[in-house]
Amino acid sequence: MAVAVRGSRAGGGGSGGFNLRSFFSYRIFVSAMFFLLFIATFSVIFSTNPSTSQDESALPTTGNAYVHRTFLALKSDPLRTRVDLIHKQANDHITLVNAYAAYARKLKLEISRQLRMFDELAQNFSDISLKPTYRASLFESDSIDEDVLRQFEKEVKDRVKIARLIIAEVKENYDNQLKIQKLKDTIFSVNESLTKAKKNGAVASLISAKSVPKSLHCLAMRLVGEKISNPEKYRDEEPKPEFEDPSLYHYAIFSDNVIALSVVVRSVVKNAMEPWKHVFHVVTDRMNVAAMKVWFKMRPIEGGAHIEVKAVEEYEFLNSSYVPLLRQLESANLQKFYLETRAKNATTDATKMKFRNPKYSMLNHLGFYLPEMYPKLHKILLLDDDVVVQKDLTGLWKIDLDGKVNGAVETCFGSFHRYAQYLNFSHPLIKERFNPKACAWAYGMNIFDLDAWRREKLTEQYHYWQNMNEDRTLWKSGTLPPGLITFYSTTKSLDKSWHVLGLGYNPSISMDEINNAAVIHYNGNMKPWLDIALNQYKNLWTKYVDNEMEFVQMCNFGL
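What counts and how
- Residues numbered from 1 in each chain as written.
- Predicted model: local features only at pLDDT ≥ 70, side-chain atom pairs only at ≥ 80, totals over all residues.
- Heavy atoms only, no water.
- Helix = DSSP H or I, 4+ residues; strand = E, 2+ residues; numbered from the N terminus.
- Contact = heavy atoms within 4.5 Å.
- Areas by Shrake-Rupley, 256 points an atom, 1.4 Å probe, with all protein chains shown as cover.
- Pairing = 2+ DSSP bridges.
- Axes fitted to C-alpha atoms, helices over the stretch in contact; angles between N-to-C directions.
- Phe/Tyr/Trp six-rings, centres within 6.5 Å; stacked < 30°, edge-to-face > 60°.
- Buried < 20%, exposed > 50% of the residue type's maximum accessible area, 1.4 Å probe, protein only.
- Lys NZ or Arg CZ within 6 Å of the ring centre and 35° of its normal.
- Expected span 1.5 Å × (residues − 1).
- Parallel < 35°, antiparallel > 145°, perpendicular 65-115°, else oblique.
- Left-handed = near helix turned anticlockwise from the far one by under 90°.
- Nonpolar A, V, L, I, M, F, W, Y, C, P; charged D, E, K, R; others polar.
- Core = buried A, V, L, I, M, F, W, Y, C linked by side-chain atoms within 4.5 Å.
- pLDDT = per-residue confidence, 0-100.
- Salt bridge = Lys/Arg side-chain N within 4 Å of Asp/Glu carboxyl O.

**Section: the overall build of the protein chain**
Stage number 1. The number of helices and strands found in the protein chain is 22 helices and 10 strands.
Stage number 2. If you take every contact in the protein chain between residues at least 6 apart in sequence, the share linking residues at least 24 apart comes to 74%.
Stage number 3. Roughly 31400 Å² of accessible area belongs to the protein chain as shown, and the carbon and sulfur atoms make up 55% of that amount.

**Considerations on the sheet that holds strand β1 (residues 249–254)**
Within a sheet, adjacent strands bond to each other through the backbone by hydrogen bonds, running parallel or antiparallel.
Stage number 1. Judged by pairing direction, the sheet is mixed, and its seven strands sit side by side in the order β3-β2-β1-β4-β7-β6-β8 without closing on themselves. Every interior strand has two partners, whereas the edge strands, β3 (306–311) and β8 (491–493), have only one. When strand polarity is set aside, the average angle formed by the axes of neighbouring strands in this sheet is 25°.
Stage number 2. Alignment of strand β2 (residues 278–284) against β3, held across six bridges, turns out to be parallel.

**Description of the packing of aromatic side chains**
Stage number 1. Taken as a whole and assessed by the stated rule, the structure comprises 21 aromatic pairs.
Stage number 2. Centre to centre, the rings of Phe-434 and Trp-465 are 5.4 Å apart; their planes meet at 55°, and the pair counts as tilted. Residue Phe-434 is located in the loop between α16 (428–433) and β7 (445–449), and its partner Trp-465 is located in helix α18 (residues 458–468); the two are separated by 31 residues in the primary sequence. As far as the burial class goes, Phe-434 and Trp-465 line up, both buried.
Stage number 3. Counting every residue linked through ring pairs, the aromatic cluster contains Tyr-315, Phe-317, Tyr-322, Phe-368, Tyr-369, Trp-441, Tyr-443, Phe-448, Trp-453, Tyr-462 and Phe-487.
Stage number 4. We note Lys-310 situated over the ring of Tyr-315; from NZ or CZ to the ring centre the distance is 4.5 Å.

**Things to note about helix α8 (residues 214–229)**
Stage number 1. With 16 residues, α8 should cover 22 Å at 1.5 Å per step; its first-to-last C-alpha distance of 22 Å lies within 8% of that length.
Stage number 2. Those residues of α8 hidden inside the fold are in contact with α9 (258–270), α10 (289–298) and α22 (550–554).

**Here's the deal with the pairing of strand β4 (residues 379–383)**
Stage number 1. Counting buried positions along β4 yields four of five residues, so the element is predominantly enclosed.
Stage number 2. Pairing geometry for β1 and β4, over three bridges, is parallel. Within the sheet, the bridge partner assigned to Ala-252 lies in β4 and is Leu-382.
Stage number 3. In the sheet, β4 pairs with β7 via five bridges, with the strands oriented antiparallel. Note on β7: the bridge partner recorded for Leu-381 is Ile-447.

**Quick look at the sheet that holds strand β5 (residues 387–389)**
Stage number 1. The three strands lie next to each other as β5-β10-β9, forming an open sheet whose pairing is mixed. The sheet is open, and its two borders are formed by β5 and β9 (499–500), each paired with just one other strand.
Stage number 2. Across two bridges, the pairing between β9 and strand β10 (residues 519–521) is parallel. Across the sheet, the residue bridging to Val-500 is Ile-520, located in β10.

**Observations regarding the packing of α9 against α10**
Stage number 1. Running from N to C, α9 and α10 cross one another at 40°; their axes reach a closest spacing of 10 Å. Put simply, α9 runs oblique to α10. Of the two possible hands of crossing, α9 and α10 adopt the one that is right-handed. Along its contact with α9, which presents Val-258, Ile-259, Leu-261, Ser-262 and Val-265, the element α10 presents Ala-291, Met-292, Trp-295 and Phe-296.
Stage number 2. Class assignment for the residues of the contact of α9 with α10 results in eight nonpolar, one polar and no charged.

**Details of the nonpolar core**
Stage number 1. Counting 68 residues, the largest nonpolar core has Leu-223, Phe-280, Leu-383 and Leu-393 as its most contacted members.
Stage number 2. Top element by residues in this core is α9. It accounts for nine residues.
Stage number 3. Setting aside chain neighbours within four positions, we find Leu-223 in contact with Val-258, Ala-291, Val-294, Trp-295, Met-298, Met-549 and Phe-551.
Stage number 4. With 45 residues, the next largest nonpolar core counts Tyr-315, Leu-318, Leu-325 and Phe-434 among its residues.

**With respect to the pairing of β7**
Consecutive residues of a regular strand have side chains that alternate between opposite faces of the sheet.
Stage number 1. Most of β7 is tucked away, with five of its five residues classed as buried.
Stage number 2. On β7, burial covers both faces: Met-445, Ile-447 and Asp-449 on one face and Asn-446 and Phe-448 on the other are all buried.
Stage number 3. With two bridges joining them, strand β6 (residues 406–408) and β7 adopt antiparallel strand pairing. When the sheet's bridge partners are listed, Asn-406 is paired in β7 with Phe-448.

**Some words on the confidence of the model for the protein chain**
Stage number 1. For the protein chain, per-residue confidence averages 79 on the pLDDT scale, and residues scoring 70 or more make up 70% of the total.
Stage number 2. In the model, residues 350–360 has pLDDT below 50 throughout and makes 29 contacts with residues more than four positions away in sequence or in other chains.

**Section: the pattern of salt bridges**
Stage number 1. With the rule as written, the count across this model stands at 11 salt bridges.
Stage number 2. Residues Glu-237 and Lys-297 are paired through a salt bridge, measuring 2.7 Å at the closest nitrogen-oxygen approach. With Glu-237 in the loop between α8 and β1 and Lys-297 in helix α10, this residue pair connects regions lying 60 residues apart in the sequence.
Stage number 3. Of the residues examined, Glu-237 reaches a relative accessible area of 56% and is grouped as exposed.
Stage number 4. Owing to a relative accessible area of 33%, Lys-297 belongs among the partly exposed residues under this scheme.
Stage number 5. For Asp-546, the salt bridge identified is with Arg-299, shortest N-O distance 2.6 Å. Of the two residues, Asp-546 is situated in the loop between α21 (535–542) and α22 and Arg-299 in the loop between α10 and β3; the sequence distance between them amounts to 247 residues.
Stage number 6. Residue Asp-546 is classed as buried on the basis of its relative accessible area, which comes to 6%.

Below you can see the structure in the form of structure tokens.
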């Protein structure tokens, strides 16, 4: 046992000697590490640029960054931190005040009291930091004067208080004003979009109105095909004596639309008391004359009425040596205006686009040559192909025109549809000869006294003004302006119940007014034979369509 104990002590003493030495070695190692850390820390501190050490935000990006931040925190000055916080508060309120000043400018309040106050507050905040006393004692000095700091803090807080009071006072008003401005901007944007949409819609509507529908093209082709198949059946007849009988009721209709023309003729005859006394003079272009002749051969007019169908080319006197419009159409400038189709010269203006169509040249101007086209007649009623007749019209021939040439319904109301809207009154010729407030009247249903026309030599008047307008400085285009000029002071106003207009564009016409009218007129782009027609008026036209005609059924008019 003794040996065992002694051996144990010996072992323990050996172990204890080894642990003691390890302990002293460990202490020496730890002391060396702290010493090295202390030396490294001080080397960093003393190697830092003095100007950089003053800037608390400038920390090294490599090396002993954590150690550096620790010592900066240890050496930070509470007064310096306080200065920085006050300075930051001032800068924040400068930004806030400038934001409200920007609102004021946006609301167009540049000269307002609020804007001046905001600008002055922002300047006052900036001026505090620039005062020499504060700069020397707070921002450029190593030591901070507490009295100066308190004064600086007091000035900043006073200005902050004033800024907050002013902002609180105007904030609600500014918020409302900004909402109002946003609403105005939105309304303006919507109006711009609406205007653009209306313009595009007008152009699209015009393209639709002036293009030939598939069904109408089909009808014309079927009629021409019928003539080709049966040439003997559709030979031209000799002129009837009724065509020149002045005791009958004569109508002039100029059209290239077979279905529309048939509706006009059928509506006149169905409402006439004595249809056999009515004579229709139809003039069309060379392309459609065969189709129209075949139509009235296949579907003779009921009641014994008479119809004459001719092409405009058959009136040989209507040539460029006599007609100014035809002569003008031969010029390069007018051809470009009427016939130009290249994209670079195409117009997006619906009003101008309308008259670039060649059909708005001679066929529509035939109304100025009625006395020469029908030399043996005394009176004639001009009808457009987009009208429907609802009553007997013979009363028009019995109206005393008081020696005037043209009987028409006036269209002016208030300042609308006056001469000033159609003619260029900045031109001296127009200004000298016409009254800008004179009332305009409607084309489409006009009773003309041809004897008075010849006596007044109005065709010569028309030629004079058409020649003067070769450069289109008196009026732009169309037939109404030269008509207003030609029949100025020679037009008698008719009762409005004779002629109601607007069924091709105005959805708000009173049905009582329409039902009481002798003639209703689908002037405008929404013609009743088109898909874009106004539905509430369409049936007034379709009831006169000859739906039993086989080609109408085959061409699927969908009426």
